[in-house]
Structure formats: structure tokens, C-alpha cells
Amino acid sequence: MENSTEVMSFVLAAYGNIGEVKYLYFSIMLLWYISICVANTVLIVVIYMDRRLHEPMYILLCNLFVNEIGGSTSMYPLLLSQMFSDTHEVTLPWCFLQMGCVYTSASVEFCSLAAMAYDRYVSICYPLRYNVIMNTGRVGMIILLVWMYSFGNFIFLFSVVIRLTFCGNVIDKVFCDYHLIIKLACSVSILNNISDLLFAFVTIVIPFSLISVSYIKILNVCLNTSKENTQKAITTCTPQIVSVSNLFIGGMFNFVDSRFDVALVPDKVRIILSVYLLICQPMITPFMYGFYLLKIRQSCKRLLFNRK
């Protein structure tokens, strides 16, 4: 073990020595990252350009697209740079910065979906009061609250980890993972051990509970309305249900990988599962909302073919 005063960087050991295959991995990841940025940016531009999409649901969607780009940017540049590194070292400040961006982005993702679930709840359960309840000012306040809440959640984590001294510097992942960093500390308190569970509670459990309540109330209304209204509700809610399900699966993969010994799982599979959310979610979001929702699909066609 190293002396705590000498730990100035962490080693991301999961990269290992991949030889010449690194050029293939680099090309695939770069292409995927560019595709994520392009897909989400196109939809942001479409919503901005088409005044018919200046509605609460689409403004909240814009916030989600921005977060997908931000979350991907917090991860992919590090992955790409580490492909050509011999030591796979990351300095403490950069590691904490990357960790902060990833965890804040994850919190924004769940909270944004909770806000969108509330928007659908108001739209379906209180259609006549929808424009009054979900006015532009209130939507702006909701988005601001989502970011402030998510940033505050990470500040709590950061306040715990910044005071630690480290007696080791090897992280068995391709990115800086909070729980694995805590395990490298020379001494760990009870708060240190449960801090990531507290973060998971306020970041995942609370928003997921709000989402569940919203959809239970929506389901209750749908069971007592016409088939046409039920179909419309299903159409607008399906992308959010897919996103929440995917986030839950990805979150479980990451939790199990960080906290339990998964030696039986091949290293490559374990690495892919640990970054599953940042591979799939940023592309699922624009495709589900861009190609599934009719109004956005029509707006994309008008923008591409210059139709009025």
C-alpha cells in the first residue's frame, strides 16, 4: 500500500493491455459519442425551431436531451483518452470532476423523468387546468429545481469524499466510481459506507416513487375513460416507461458491480455492464422521443424537407 500523502492519482485498472484492438475500440466509441451528440442536438434544434413544440412536455424533453449530451461528455472523452494511455492514471481533481459530472447527470436524468411523469399526470388527469398548472414559468422553475437538487446531491457526496486520505489508488473500473474510491480510503466511517446508499435514495428512490405515483393515477384515469383517450395516454407515456425501466436495469448493473464480487462474470462483459447506462440511455432517449412521438417526427420532416 502507498502512503496516503503520496496518492495524487488513481489508476483505472479495468482497461488493462488491449494491444492493437485499442484503435478499433477508439473508433467505435468516437463514432458512438458523435452519434449521441448529433441525435440529441438535432432534436433540441427541432424543438427550438418549431413553435408548435413550445409546450411544457417538449421543453422538459429539451432539458433531458441537454443532459444526455452532458452525461456523455463527462464519460466519453475520458474513455477515449485512456485508450492510448500506458498508465491509465487520472489525477484526483479530474477524477472527482468526472465523478461529479456523471453522478449529477444521473440525478438529473431521474428527476427529469419524474418531472415529465408529473407533466403527463396533469395533462391526462386535469386536461382543462393543464395550461394554468404547467405554464412556462412553472416549467422553468421545475427545470431549475431539478438541476439544483441534483447538484446538491453530489455536493453531499463530494463533502464526504474530499476529506478522506487514501492508502491505495487502483480502481477496477474504466471510470471513477464513488464506492470503489471510498474503499481505497485509509479509514472509513459509517457515514462514508452508507453515503452512496443515501445518494441512491434521494437520486433514485424518491424520483422513482414520484414517477410510480403519477403513473398509478394515470392508469386509474385510463381505466375509466374512452379507448381513444387511453391510446393517446399510452402513446405519450411509453417512452418515459422505457427510459425509467432502462435506467433501473443500468443502475442495478452498476450497483452490483461496485458492491459485490462478480469474478464469475467475464471482464469484458462486466466493463460493458458497468457503463451500460452511458452507452444505451443517451441514444435510447432521442430515438424513443424523436421517432416515437408523432409531433416531433412530423416536425423533423418539416425541418428536413422545408415544409410549412
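Look a little higher up for the structure.
The rules behind these values
- Numbering of residues starts from 1 in every chain and runs along the sequence as written.
- Where totals are concerned, whole chains, interfaces and linings use all residues; where local detail is concerned, this predicted model gives features only for residues with pLDDT of at least 70, and gives and counts side-chain atom pairs only at 80 or more.
- Side-chain measures here rest on the full set of heavy atoms in the structure, leaving out hydrogens and waters.
- Think of it this way: any DSSP run of H or I at least four residues long counts as a helix, any run of E at least two long counts as a strand, and we number them from the N terminus.
- For the radius of gyration, the atoms used are the C-alpha atoms, and the globule rule reads 2.2 Å times the number of residues raised to 0.38.
- Each residue's exposure class comes from its accessible area (1.4 Å probe, protein chains only) as a fraction of the maximum for that residue type: buried when under 20%, exposed when over 50%, partly exposed otherwise.
- Only heavy atoms enter the contact rule, under which two residues are in contact if any of them lie within 4.5 Å.
- A pair of strands is considered paired only if DSSP assigns at least 2 bridges between the two.
- To obtain an axis, a line is fitted to C-alpha atoms, over the contacting stretch when the element is a helix, and the angle between two such axes runs from 0 to 180 degrees between their N-to-C directions.
- In plain terms, two cysteine sulfur atoms within 2.5 Å form what is called a disulfide here.

Asker: Would you mind showing me how to read the overall build of the protein here?
Answerer: For the protein, the helix and strand inventory stands at eleven helices and three strands. Going from N to C terminus, the protein has its helices and strands arranged as β-α-α-β-α-α-α-β-α-α-α-α-α-α. In terms of overall dimensions, the protein is globule-like: its C-alpha atoms have a radius of gyration of 21 Å, near the 19 Å expected for 308 residues. Counting only C-alpha atoms and orienting by the principal axes, one finds that the protein spans roughly 65 × 45 × 35 Å. With 308 residues in all, the protein has 46% of them scored as buried. Summarising the internal contacts of the protein: among those between residues at least 6 apart in sequence, 80% fall at separations of at least 24.

Asker: Would you explain the sheet that holds strand β1 (residues 9–12) in this entry?
Answerer: Either a parallel or an antiparallel arrangement is found when strands of a sheet pair, and the pairing is made through backbone hydrogen bonds. Read from one edge to the other, the open sheet built from three strands follows the order β2-β1-β3, with strand pairing classed as mixed. Both edges of this open sheet fall to β2 (89–91) and β3 (170–171), since each of them pairs with a single strand only. Note: β1 against β3, two bridges, orientation parallel. Within the sheet, the bridge partner assigned to Val 11 lies in β3 and is Val 170. Along the sheet, helix α3 (residues 92–125) makes contact with β1 and β2, crossing β2 at roughly 85°.

Asker: When you look at the state of the cysteines in this model, what are you seeing that I'm missing?
Answerer: As used here, a disulfide is simply a covalent bond connecting the sulfur atoms of two cysteines. Within the structure shown, the criterion is met by two disulfides. The disulfide that involves Cys 95 links it to Cys 176, with 1.9 Å between the sulfurs. Looking down the S-S bond of the Cys 95 and Cys 176 bridge, the torsion is -130°, so its handedness is left-handed. Residue Cys 95 is found in helix α3, and its partner Cys 176 is found in the loop between β3 and α6 (178–183); the two are separated by 81 residues along the sequence.

Note that every value here comes from positions in space, so none of it alone points to a role or purpose.
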